[in-house]
Amino acid sequence: MTGRAPSPESGVAPTWVLLEGTSDVAAVRALRTARGVRPDSEPCRLVDMGGATNIRRHLQAAATAHPRPRVIGLCDEREAAFFVRALDVVTPLHLDSVERPISVDDLPALGFQICRRDLEDELLRALGADGALAVLGDVGLRDAFAAFTRQPAWQGRPVLDQLHRFCGTTSGRKELLAGALARALDEGSSPPPLAALLASMPSP
C-alpha cells in the first residue's frame, strides 16, 4: 500500500484505491501528481493488490481496518467478475445498503471503474499512436520498439497493438510506461475509467 490515510481525528473516512498491479499504481500516481497531489500528501492509499484475484483479501482487510475505509478501485474488463464475486461476499462500509447480488454493470456506480481491455490499452488509445511513440522517445525506448516491430510475429500489425504488447515484454517496462503515458495525457483527455476514478478520489 502507498499513500497516507486521514487520521481518525479528521472525521473523514480514509479511502483505499484497489488497483490490480504496479503499473496501475504508477499511472494513478502520475495522474494525481499532474493534478497537484504530491505523493507525500496523498490522502488515499493506492493499493497494489498483486492481481485482481486478490480482491477479496483486500476487501476483507478493509472490513477489519479501523477506521473502516471507503473502498474504490479499477479493474480490467476480463477481471471484473472477480470484483463482483468478492463484493457479493465482503461488503465495504459505504456499500452496506447496496442490493445483492450485483452485476458487472453495477461496478462503476459502486466506485469500481472498468478498463475496456486494460489500463495500458486505455492510455494508448487516449494518446494515439503518435503520442505514444513520442513517449517512447522520451523514455529512450524508440530503438527497442523498432527492433520489436521487426519481429516476424509483429510485422504489419496495427501500431497500437504492437505498442500494447511491447509494454509487457520486459520486466519493469509496464510500470515505467504506464507512468510515462499517464504523464503525457492532457487533463481533459484521461480515459473515461481513469477520469471517473480520479473524480471520486479526495484531495488533501
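Structure: see above.
These notes cover the structure that comes with them. Throughout, residues of each chain are indexed from 1 in the direction in which the sequence is written. Given that the model is predicted, a residue must reach a pLDDT of at least 70 before its local features are reported, and side-chain atom pairs must reach 80 or more before they are shown or counted; all residues, however, enter totals for whole chains, interfaces and linings. The side-chain figures draw on all heavy atoms in the structure; neither hydrogens nor water molecules are used.

Some thoughts on the pattern of salt bridges
Put simply, the test is: Salt bridges are identified by distance alone: a Lys or Arg side-chain nitrogen within 4 Å of an Asp or Glu carboxyl oxygen. Note on exposure labels: buried denotes an accessible area under 20% of the residue type's maximum, exposed denotes more than 50%, and partly exposed covers the range between, all computed with a 1.4 Å probe on protein chains only. Counting from the N terminus, the helices are the DSSP runs of H or I reaching at least four residues and the strands are the DSSP runs of E reaching at least two.
Counted by the stated rule, this structure contains nine salt bridges. Measuring nitrogen to oxygen at the nearest pair gives 3.1 Å for the salt bridge that ties Asp40 to Arg38. Residue classification places Asp40 among the exposed residues on the basis of a relative accessible area of 56%. In this structure, the salt-bridge partner of Glu120 is Lys174, at a minimum N-O distance of 4.0 Å. With Glu120 in helix 4 (residues 119–138) and Lys174 in helix 7 (residues 173–184), this residue pair connects regions lying 54 residues apart in the sequence. By relative accessible area, Glu120 is classed as buried at 4%. Each of the salt bridges in this network shares a partner with another, and the network as a whole consists of Arg117, Asp121, Glu122, Arg125 and Asp161.

Regarding helix 5 (residues 142–149)
Operational definition: This arc corresponds to the set of directions leading from the helix axis out to the C-beta atoms. When checking whether two residues touch, look at their non-hydrogen atoms; a contact exists if any pair is within 4.5 Å.
Regarding helix 5, the residues found buried are Phe145, Phe148 and Thr149. Summarising the axial view, the buried residues of helix 5 lie within an arc of 95 degrees, below the 170-degree limit, and thus occupy one face. Taken together, the buried residues of helix 5 touch helix 4 and helix 6 (159–167).

A word on unusual backbone geometry
Residues His66 and Pro67 are joined by a peptide bond in cis, for which omega reads 0 degrees. Residue position: Pro67 is located in the loop between helix 2 (55–64) and strand 3 (70–76).

Side note on the nonpolar core
Inclusion rule: Joining through side-chain atoms within 4.5 Å is the link that ties buried Ala, Val, Leu, Ile, Met, Phe, Trp, Tyr and Cys residues into a set, and such a set is a nonpolar core.
Ranked by internal contacts, the top residues of the largest apolar core, which has 37 residues, are Leu123 and Met201. If we skip the residues at most four places from it in the chain, Leu123 touches Ala27, Ala178, Leu181, Ala182, Leu185, Pro191 and Leu194. The next biggest cluster of nonpolar side chains, apart from the first, holds 21 residues, and it includes Trp16, Ala86, Ile102 and Phe112.

Thoughts on the packing of aromatic side chains
Stated precisely, the cut-off is as follows: Two aromatic rings, drawn from Phe, Tyr or Trp (for Trp, its six-membered ring), form a pair once their centres lie within 6.5 Å of each other, and the interplanar angle then sorts them: stacked below 30 degrees, edge-to-face above 60, tilted otherwise.
On inspection of all chains with the given rule, the structure shows five aromatic pairs. Between Phe83 and Phe112, the ring centres sit 5.9 Å apart and the planes meet at 70 degrees, which makes this aromatic pair edge-to-face. Here the residue Phe83 occupies a position in helix 3 (residues 80–89), and Phe112 occupies one in strand 4 (residues 112–115), the gap between them amounting to 29 residues. Under the relative-accessibility criterion, Phe112 is labelled buried at 0%. Ring plane angle 25 degrees and centroid distance 6.4 Å describe the contact between Phe145 and Phe148, whose orientation is recorded as stacked. Of the two residues, Phe145 and Phe148 both sit in helix 5, three residues apart, roughly one turn of that helix. Here Phe145 matches Phe148 in class, with each residue buried.

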